[in-house]
Amino acid sequence: LTRQFRALKIWMCLKVHGKKAFQAQIWKNVQQAQYLAESILQHPDRLELIMKPSLNIICFRYISENLSEEQLNELNRQILIQLQFKGQVFLSHTCIAGRFLLRVAITNHRSQKPDFDLLLNNVLASGRETLVHYLANDQN
């Protein structure tokens, strides 16, 4: 009896809330991912959606003309660091085909559409700020 009965937590939640509650929440998260993807597409000059979501994960990046892939990778790395340091929104990252991408995995049952608007506003603001510093340092 030294091992934890981890499945008990899931079993109890299913017993209390039922399967339909979990299905509804998963569907809500998928719809939120679609909303976020559509919001990203409204900023084609600053944001690039890598792929339309099929579930709850969104991968995108901040873009700027005349930057190489290496420079875009570094720019997005700096944006992620700045956002995590500020602590208002939390993103992770991934690399696909050599591109550093911002990654959002939507799983919180309390998330609402304004949370995703806040996320994009923070990414855009951080991107503008980081790009200015990045370009200023790149020219020196």
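Residues numbered from 1 in each chain as written. Predicted model: local features only at pLDDT ≥ 70, side-chain atom pairs only at ≥ 80, totals over all residues. Heavy atoms only, no water.

Caption draft 1: Molecular detail of the overall build of the chain. Assigned secondary structure in the chain consists of 4 helices and 4 strands. Of the regular secondary structure in the chain, the N- to C-terminal order runs α-α-β-β-α-β-β-α. Against the globule reference of 14 Å for 140 residues, the chain gives a C-alpha radius of gyration of 18 Å, more extended than a compact globule. When the backbone C-alpha atoms are referred to their principal axes, the chain occupies close to 60 × 40 × 30 Å. (Helix = DSSP H or I, 4+ residues; strand = E, 2+ residues; numbered from the N terminus. Rg over C-alpha atoms; globule rule 2.2 N^0.38 Å.)

Caption draft 2: Highlighting the nonpolar core. If you look at the biggest cluster of nonpolar residues, it comprises 28 residues, and the most contacted ones within it are Ile58 and Phe60. Secondary structure elements with two or more residues in this core: helix H2 (19–41), strand E1 (47–49), strand E2 (57–62), helix H3 (69–86), strand E4 (99–105) and helix H4 (113–139). If near-sequence neighbours (up to four positions away) are discounted, Ile58 is found in contact with Ala33, Leu36, Ala37, Ile40, Leu49, Pro53, Leu102, Arg103 and Val104. (Core = buried A, V, L, I, M, F, W, Y, C linked by side-chain atoms within 4.5 Å. Buried < 20%, exposed > 50% of the residue type's maximum accessible area, 1.4 Å probe, protein only. Contact = heavy atoms within 4.5 Å.)

Caption draft 3: Examining H2 more closely. For H2, which comprises 23 residues, the first-to-last C-alpha distance of 33 Å matches the rise-based estimate of 33 Å (1.5 Å per residue) to within 8%. For H2, the set of buried residues is Asn29, Val30, Gln32, Ala33, Leu36, Ala37, Ser39 and Ile40. (Expected span 1.5 Å × (residues − 1).)

Caption draft 4: Focus on the environment of Leu120. Residue position: Leu120 is located in helix H4. With 31 residues separating them in the primary sequence, Leu120 and Val89 have C-alpha atoms 9.4 Å apart. If we ignore the near neighbours within four places in the chain, the residues touching Leu120 are Leu36, Ser39, Ile40, Leu47 and Phe60.

Caption draft 5: Molecular detail of the packing of aromatic side chains. Under the definition given, this model contains 0 aromatic pairs. Sitting above the plane of the Phe100 ring, Arg77 keeps its charged end 4.7 Å from the centroid. (Phe/Tyr/Trp six-rings, centres within 6.5 Å; stacked < 30°, edge-to-face > 60°. Lys NZ or Arg CZ within 6 Å of the ring centre and 35° of its normal.)

Caption draft 6: Broad picture of the layout of surface pockets. The computed volume of the largest pocket comes to approximately 250 Å³. Every residue along the wall of the largest pocket is listed here: Val89, Phe90, Val104, Ala105, Ile106, Thr107, Asn108, Ser111, Asp115, Phe116, Leu118 and Leu119. When contributions to the lining of the largest pocket are tallied by element, the ones reaching two or more residues are E4 and H4. Ranked by residue count, the leading element in the lining of the largest pocket is H4, at 4 residues. Looking at the second largest pocket, its volume works out to about 170 Å³. Along the walls of the second largest pocket sit Ile50, Met51, Lys52, Pro53, Ser54, Leu55, Asn56, Ile57, Ile58, Cys59 and Ile96, which together make up its complete lining. Per-element tally for the lining of the second largest pocket: the top contributor is E2, with 3 residues. (1 Å grid on protein atoms, 1.4 Å probe; cavity = no way out; pocket = protein on both sides within 12 Å on 5 of 7 lines; lining within 4 Å. Points joined across faces, edges and corners; volume = space filled by probe spheres on them.)

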